[in-house]
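Residues per chain, in single letters:
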Amino acid sequence: MEKPLTQHMRGDGAPLSLKEYERAGGYQALRKALKEMEPKAVTTLVKESNLRGRGGAGFLTGMKWSFVPMNVPKPKYLICNADEMEPGTFKDRILLEQTPHQLIEGMILAAYAIQADQSYVFLRWAYKLAAKVITQAIEEAYAAGYLGKNILGSGFDLDMHLHTGVGRYMCGEETALLNSLEGKRATPRAKPPFPQISGLFGKPTIVNNVETLCCIPHIVNRGTDWFKNLSPGADAGTKIYGVSGKVKKPGAWELPMTVTMRELIEDYAGGMQDGLKFRGALPGGASTDFLVEEHLDVRMDYTGVAAAGSRLGTGTMIILDDHTSVVGFVRNLEHFFAQESCGFCTPCREGLPWIEKVLHTIEIGEGKPEDIKTLEFHTKYLGPGNTFCALAPGAMEPLQSALKYFRKDFEELIRHKISA
Amino acid sequence: MEEIKFSEKSLALVNKIIKRYPEGRQKSALLPILHVAQAEFDGWLSPAVMDLVASVLKIKPIEVYEVASFYSMYNLEPVGKCLIEVCQTGPCWLRGSDDIVEHLQNKLNIKVGETTADGMFTLKTVECLGSCGTAPMLQCGAKFHENLTTEKVDALVEDLRATNARSSYMR
Ligand SMILES: NC(=O)C1=CN([C@@H]2O[C@H](COP(=O)(O)OP(=O)(O)OC[C@H]3O[C@@H](n4cnc5c(N)ncnc54)[C@H](O)[C@@H]3O)[C@@H](O)[C@H]2O)C=CC1
Ligand SMILES: Cc1cc2nc3c(=O)[nH]c(=O)nc-3n(C[C@H](O)[C@H](O)[C@H](O)COP(=O)(O)O)c2cc1C
Ligand code: SF4
Ligand code: FES
């Protein structure tokens, strides 16, 4: 089983140095692209590889790059979204801390493809170790001639900087990220225009997730067929999956996108802790719908999870066990979303705290039968199309699916006036 | 009132950060520089510190206040020498973050959001810090403390007390 993204990691958590990365074949893809490929050819290759964005939405990466206007004056920007804050998600942190040069090489290749001359790693503030590692790696890359003017004698110029953002969920939404990077509040912008046309400072900009960018050197090196064959199903490449919650061995693993939920939980995460039973899972982070026992054999790829009624999201699942209060868990998550709402649009700003309050009332045994209707009303009212960005609809996914699969839990707390 | 200034070391860092952004776009440096300021001036941003940042970046003070109040990582009130931030989001909650918070409240004899009388500790709850696979966890300064147990928390608090230094956010 090939694990291109993680196989060269040292195993002790320390970052792969420039020398170690080069010894493992690092920066060969960059040499190849600069020497043998036109920028457009890199975009075409990535498009044909079928790589989909690993930031959660799964948009085709090569397609996204192809929207960038090519014959326009500089500057153009390439931004790595390293704001990772989807609860349950810690995959990008591993890549940032342990293989910084893989990310940097991916970023240079992406920048070359869209002919960007400026790039930023937009890193969340709490990732202090990653900040140190990336800062050092960028310096090494400059010193080795992989960044700066006339990279490897090709005539291509690129600057790269680290931007340490702040810890807010909203900063990861790509247009809010752009506002934050301009030194403003992290509220989203209207799309269209998409950032590809008008992004940072109004210039053409691509924003890609850490894991997405880390795939690029391997696609350039080994080709589209190889990349597609990493996962024999509908999707291409490997995926870094994670499992958190009350399992024996929480963690993250790079695997083909044919792995099932059951395999992840039982074979990789060691199964449930003793005495606990599986009740459900949020397959792709907190902003995805619960899946339950009947879905355990669902394949963890974009189509498989969607067909089961949820989303692959970031591919990092949170497990709910039979000793945990469903209402308490959902209340905890809605608290998160309410805290992190940017307050820009009314349904989200007002609705989320309301939902949190109703859930709390039910949790402490003071709920009323009509509370369930109130919650259901909100899942529609804050659903897709009614708010400015995807935060509010994302917040409704665990709630609406909990009401679907675990309705009895809500009803019993209300009927018997007991607390969770 | 005493005039406040960045130390030479911080000022050098501030100028280095400003250079990361295009000419005339120095406002982009605002968020990173607020972190430098917070680290330098006792872990929080007083109005005077925010005014200093505004003058360094040649922007209006209101532009700084507006941003500083939006992002929860900036402290607009004084904090203790060691800010203990316990993650309370889903994966950590499932693995007992409430017990960790409860334990700290009892141990430090303060509630979440408060500072101990000796000015040593401030306790805060925060949202997911990307350590969900090693939950429950807390952050103190630049350091993550993962797979927490009440024993580990005790050891950490003793250690911080013995060291008696301000936790550093700058690595
Ligand atoms: N990694 C993390 O920490 C987090 C991830 N997420 C994920 O984020 C996702 C939502 O992200 P959004 O950016 O709102 O999704 P989106 O579908 O609007 O956009 C995804 C990407 O495709 C591009 N795109 C989409 N439609 C396009 C079009 N018609 N023309 C050109 N480009 C287009 C966008 O520019 C963007 O880069 C959720 O699915 C969630 O799973 C949410 C929170 C945190
Ligand atoms: C509230 C919210 C938060 C987000 N946070 C992140 C994030 O931390 N990291 C990320 O890569 N994408 C995040 N996204 C998705 C981005 O908007 C965008 O789709 C992604 O960065 C595109 O990269 P990709 O195409 O490589 O996946 C978030 C979206 C929303 C709505
Ligand atoms: S949906 Fe929520 S987070 Fe998104 S813009 Fe509206 S208020 Fe802000
Ligand atoms: S939920 Fe605590 S680190 Fe993610």
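Remember, predicted model here, so these are calculated numbers, not experimental data.

*Asks:* Got a sec to walk through the UniProt feature "binding site: [2Fe-2S] cluster" (unreviewed entry) in chain B? Specific residues and values, please.
*Replies:* Residues and elements named next belong to chain B. The UniProt entry lists Cys 87, Cys 92, Cys 128 and Cys 132 under the feature "binding site: [2Fe-2S] cluster" (unreviewed entry), expressed in the numbering used here. The named residues occupy 46 residues along the chain; their greatest pairwise C-alpha distance, 9.3 Å, places them in one compact cluster. Considering only the residues just annotated, the second largest cavity is lined by Cys 87, Cys 92, Cys 128 and Cys 132. Within the fold, Cys 92 resides in helix H5 (residues 90-94). Those residues in contact with Cys 92, other than ones at most four positions away along the chain, are Cys 87, Ser 97, Ala 135, Pro 136 and Met 137. With respect to the helices and strands, the residue Cys 128 is situated in the loop between strand S2 (121-126) and strand S3 (138-140).

*Asks:* Which residues make up helix H7 (residues 128-143) of chain A, and what values go with them?
*Replies:* All names here are of chain A. In a regular helix each residue adds 1.5 Å, so 16 residues correspond to 22 Å; H7 covers 23 Å between its end C-alpha atoms and thus fits that length. Within the span of H7, buried status applies to Lys 128, Ala 130, Ala 131, Val 133, Ile 134, Ala 137, Ile 138 and Ala 141. On its buried side, H7 packs onto helix H5 (91-98), helix H6 (100-114), strand S2 (118-123) and strand S3 (159-164). Positioned one or two residues after H7, Gly 145 has a phi angle of 85 degrees, which is positive.

*Asks:* Lay out the site of ligand 3 in plain terms, naming residues and giving numbers.
*Replies:* Residue and element names in this part refer to chain A. What surrounds ligand 3 is a group of 13 residues, the closest being Cys 342, Phe 344, Cys 345, Cys 348 and Cys 389. In this structure the site holding ligand 3 corresponds to the largest cavity. Taken together, the residues of the shell around ligand 3 sort by class into 10 nonpolar, 3 polar and no charged.

*Asks:* I'd like a rundown of the packing of aromatic side chains, residues and numbers included.
*Replies:* Residue and element names in this part refer to chain A. For the structure on display, the rule yields 20 aromatic pairs over all chains. Between Tyr 21 and Tyr 27, the aromatic rings sit 5.4 Å apart at their centres with planes inclined by 90 degrees, giving edge-to-face as the arrangement. For Tyr 21, a relative accessible area of 8% translates into the label buried. Residue Tyr 27 is classed as buried on the basis of its relative accessible area, which comes to 0%. With 5.0 Å between their ring centres and 70 degrees between their planes, Tyr 169 and Phe 336 make a pair best called edge-to-face. In this pair, Tyr 169 sits in the loop between S3 and helix H8 (174-181) while Phe 336 sits in helix H13 (residues 326-340), placing the two residues 167 residues apart along the sequence. Here Tyr 169 matches Phe 336 in class, with each residue buried. Across the ring face of Tyr 302, the terminal group of Arg 52 is positioned such that the distance to the ring centre comes to 4.1 Å.

What counts and what doesn't
- Residues numbered from 1 in each chain as written.
- Chains lettered and ligands numbered in written order.
- Predicted model: local features only at pLDDT ≥ 70, side-chain atom pairs only at ≥ 80, totals over all residues.
- Heavy atoms only, no water.
- UniProt positions renumbered as here; feature names shortened; annotations may be inferred.
- 1 Å grid on protein atoms, 1.4 Å probe; cavity = no way out; pocket = protein on both sides within 12 Å on 5 of 7 lines; lining within 4 Å.
- Helix = DSSP H or I, 4+ residues; strand = E, 2+ residues; numbered from the N terminus.
- Contact = heavy atoms within 4.5 Å.
- Expected span 1.5 Å × (residues − 1).
- Buried < 20%, exposed > 50% of the residue type's maximum accessible area, 1.4 Å probe, protein only.
- Near = heavy atom within 4 Å.
- Sits in = over half its atoms within 2 Å of the grid points.
- Nonpolar A, V, L, I, M, F, W, Y, C, P; charged D, E, K, R; others polar.
- Phe/Tyr/Trp six-rings, centres within 6.5 Å; stacked < 30°, edge-to-face > 60°.
- Lys NZ or Arg CZ within 6 Å of the ring centre and 35° of its normal.

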